[in-house]
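The residues making up each chain are set out below.
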Amino acid sequence: MKLTIIGTGYVGLVSGACFAEMGNQVYCVDIDQEKIEGLKEGRLPIYEPGLDALVANNHAEGRLHFTSNLQEAMEECQLYFIAVGTPPGEDGSADLQYVLAVAKEIGSLLTDYAVIVNKSTVPVGTADTVREALQQELDNRGLDLTFDVVSNPEFLKEGAAIDDFMKPDRIVVGTNSPRAREMMHQLYAPFNRNHERTIYMGVRDAEMTKYAANSMLATKISFINEMANLCELMGVDVESVRRGIGSDSRIGFSFIYPGCGYGGSCFPKDVQALIRMAQQVGFEPQVLQSVENRNQFQKGWFGRQIRRHFGDDLSGLTFGVWGLAFKPGTDDMREASAKVLLADLMAAGANVLAYDPVAMETAARELPAEWFASGRLRLVDNQYQALEGVDAMLLVTEWKPFRIPDLDAMRRTMKQRLIFDGRNQYDPALIRSAGFGYVGVGRLV
Ligand SMILES: NC(=O)c1ccc[n+]([C@@H]2O[C@H](COP(=O)([O-])OP(=O)(O)OC[C@H]3O[C@@H](n4cnc5c(N)ncnc54)[C@H](O)[C@@H]3O)[C@@H](O)[C@H]2O)c1
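What counts as what
- Residues numbered from 1 in each chain as written.
- Predicted model: local features only at pLDDT ≥ 70, side-chain atom pairs only at ≥ 80, totals over all residues.
- Heavy atoms only, no water.
- Domains from an automatic or database assignment.
- Contact = heavy atoms within 4.5 Å.
- Buried area = accessible area lost by both parts, 1.4 Å probe.
- Salt bridge = Lys/Arg side-chain N within 4 Å of Asp/Glu carboxyl O.
- Polar contact = N/O pair within 3.5 Å; in protein donor to acceptor, adjacent residues only side chain to side chain.
- Nonpolar A, V, L, I, M, F, W, Y, C, P; charged D, E, K, R; others polar.
- Helix = DSSP H or I, 4+ residues; strand = E, 2+ residues; numbered from the N terminus.
- Expected span 1.5 Å × (residues − 1).
- Buried < 20%, exposed > 50% of the residue type's maximum accessible area, 1.4 Å probe, protein only.
- Arc of directions from axis to C-beta.
- UniProt positions renumbered as here; feature names shortened; annotations may be inferred.
- Near = heavy atom within 4 Å.

A.B. asks: Would you take a moment to explain the domain arrangement of the protein for this structure?
C.D. replies: The parts lose accessible area when they come together, and the size of an interface is often stated as this lost area. By the assigned domains, the protein splits into domain 1 (2–201), domain 2 (211–296) and domain 3 (299–440). Of note, the centres of domain 1 and domain 2, computed from C-alpha atoms alone, are 30 Å apart. Across the boundary between the two partners, domain 1 contributes 14 residues, which contact 10 residues of domain 2. Together, the buried faces of domain 1 and domain 2 total about 850 Å²; carbon and sulfur atoms form 60% of this surface. Per-residue buried area on domain 1 facing domain 2 is highest for Asp91, Gly92 and Thr121; these three make up 39% of the total on that side. In this assembly, domain 1 and domain 2 are joined by 1 salt bridge. Across the pair aspartate 91 and arginine 276 runs a salt bridge, and its minimum N-O distance is 3.2 Å. Applying the counting rule to domain 1 against domain 2 returns 3 residue pairs in polar contact (both at pLDDT 80 or more). When the residues that make up the side of domain 1 that touches domain 2 are grouped by side-chain class, the tally is 7 nonpolar, 4 polar and 3 charged.

Next up, the structure:
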């Protein structure tokens with residue numbers, strides 16, 4: 001099949017490469033010309049394990065194409081995936097300007113029946129808005145064409161995106177058009193080989209499913225963080241509680257790790273967008289609002305613990321930060337807890353040495369230039385360099401190389417032997433017996 005994917009970010013590029021791998025002709029389109037030129041020359045705009053080889057092979061074999069010109073990608077194409085960003089607007093609702101710009105552009109160029117697939121995470125009812133925007137363009141051109149708008153939300157996780165796409169838990173397809181359903185069925189057949197994973201439903205149902213899934217996962221995280229806060233105050237070790245409840249098959253171990261809050265391009269914005277959607281229909285979503293509030297609070301965990309130890313004046317102190325990405329396996333720092341921590345430390349006059357295995361370029365690009373210019377924030381080349389002369393080590397992102405730290409090297413390097421473990425990676429007894437102070441999330445002090 002031939003398909004066009006508009007938006008070549010985490011979702012668009014991974015989807016495009018995986019569909020191409022299954023033998024399809026895929027055109028990846030992006031308005032960012034630099035991104036497209038880079039991709040043509042084999043430079044990936046994002047870090048995602050395994051993606052470089054997948055993109056390179058499919059590009060070399062002539063199945064994966066890159067262009068910034070949508071028209072170029074449209075010849076004999078009947079399937080268009082919209083995979084552009086839906087960032088939060090000022091009031092927290094999803095900003096649909098990029099999705100609608102694409103819908104209009106498709107409408108201004110379409111010459112035959114097509115299926116437009118919303119892969120971006122979009123509020124309930126967006127398929128209708130996309131349909132109207134596209135129809136308006138067709139009307140302007142005096143064209144009487146039929147087309148279908150399908151919702152096919154994406155559930156991949158950054159850091160494991162290829163595996164998630166190739167072996168999905170489920171594929172959600174929202175459509176009431178038999179013709180569109182048949183095309184989606186054919187496209188996804190290779191991903192359903194050992195058993196049928198596709199769940200067909202109404203368009204609005206599919207749009208809601210994506211928000212409900214992310215909100216459920218965010219709820220689990222905020223729930224265990226709430227427990228961690230209680231444990232801290234009640235002399236209970238939350239890690240025991242986590243193991244005790246996770247072993248209940250109705251609860252499970254996934255997404256109940258206490259920590260310094262969730263970030264990323266999805267959970268924070270999707271929970272906020274669902275809150276806005278609820279309010280727009282006159283419903284106060286109390287659970288979702290609490291999930292969001294608890295997460296905001298949790299992102300201040302480092303600040304609270306550091307002040308408990310050092311007092312309010314942090315000027316002259318130096319902190320070594322391990323991990324900047326919002327989670328391991330990605331270079332993405334959108335809504336990362338590290339950003340909140342760094343802003344706090346900078347405002348409090350502290351110095352910071354920071355290291356992340358892959359998010360250094362993102363950090364250099366996204367963090368305020370004045371933090372670097374003042375000399376108070378320095379990005380360093382390896383994890384132990386980030387501990388030279390520091391008053392404490394702050395573990396923010398649980399990358400694998402951080403899991404078993406070289407305590408001897410740390411003892412020699414750090415000025416004060418103190419670890420704030422924002423992801424509960426370390427055994428407090430082991431760390432303390434090695435002569436370090438240890439503070440974890442909801443752990444016994
Ligand atoms: N990142 C994830 O893990 C993830 C997972 C599931 C769903 N989603 C959803 O998928 C959507 C895309 O997310 P992402 O992380 O891939 O975004 P992204 O910001 O990485 O990529 C979006 C791309 O769209 C391009 N773009 C914007 N307007 C365009 C236009 N008019 N024409 C062509 N290209 C255009 C941008 O240049 C950018 O390259 C969002 O709705 C997001 O919520 C993301």
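A.B. asks: Sorry if this is basic, but what is going on with helix α5 (residues 97–109) here?
C.D. replies: Residues lying three or four places apart along an α-helix face the same way, a consequence of the helix completing one turn every 3.6 residues. The end-to-end C-alpha distance of α5, which contains 13 residues, comes to 19 Å, matching closely the 18 Å that a straight helix rising 1.5 Å per residue would cover. Within the sequence span of α5, burial applies to Val99, Val102, Ala103, Ile106 and Gly107. Viewed end-on, α5 has its buried residues packed into an arc of 135°, placing them on one side of the element. Looking at the buried positions of α5, the neighbouring elements they touch are β1 (2–6), α4 (70–74), β4 (79–82), β5 (114–118) and α6 (126–140).

A.B. asks: Would you take a moment to explain the environment of proline 178 for this structure?
C.D. replies: Along the chain, proline 178 falls in helix α8 (residues 178–188). Counting along the chain gives 115 residues from proline 178 to asparagine 293, while the straight-line C-alpha distance between them is 42 Å.

A.B. asks: Just checking my understanding: could you explain the UniProt feature "active site" (unreviewed entry) in the protein for this structure?
C.D. replies: Per the UniProt record, the feature "active site" (unreviewed entry) sits at Cys266. In this structure, cysteine 266 sits in the loop between α10 (238–246) and α11 (267–280).

A.B. asks: So what exactly am I meant to see when it comes to the UniProt feature "domain: UDP-glucose/GDP-mannose dehydrogenase C-terminal" (unreviewed entry) in the protein here?
C.D. replies: The residues that UniProt annotates with the feature "domain: UDP-glucose/GDP-mannose dehydrogenase C-terminal" (unreviewed entry) are residues 320–428. In residues 320–428, the share of helix is 28% and the share of strand is 17%. The end C-alpha atoms are 19 Å apart.

A.B. asks: Before we go on, may I ask you to explain the site of the ligand in this structure?
C.D. replies: Neighbouring the ligand are 26 residues, the closest being Asp30, Lys35, Thr86, Glu158 and Lys269. With respect to the ligand, the side chain of threonine 86 contributes an N or O atom lying 2.6 Å from an oxygen atom. The side chain of serine 265 places a nitrogen or oxygen atom 3.3 Å from a nitrogen atom of the ligand. Residue assignment for the shell around the ligand shows that the elements contributing at least two residues are α1 (10–21) and α5. Taken together, the residues of the shell around the ligand break down into 10 nonpolar, 8 polar and 8 charged.

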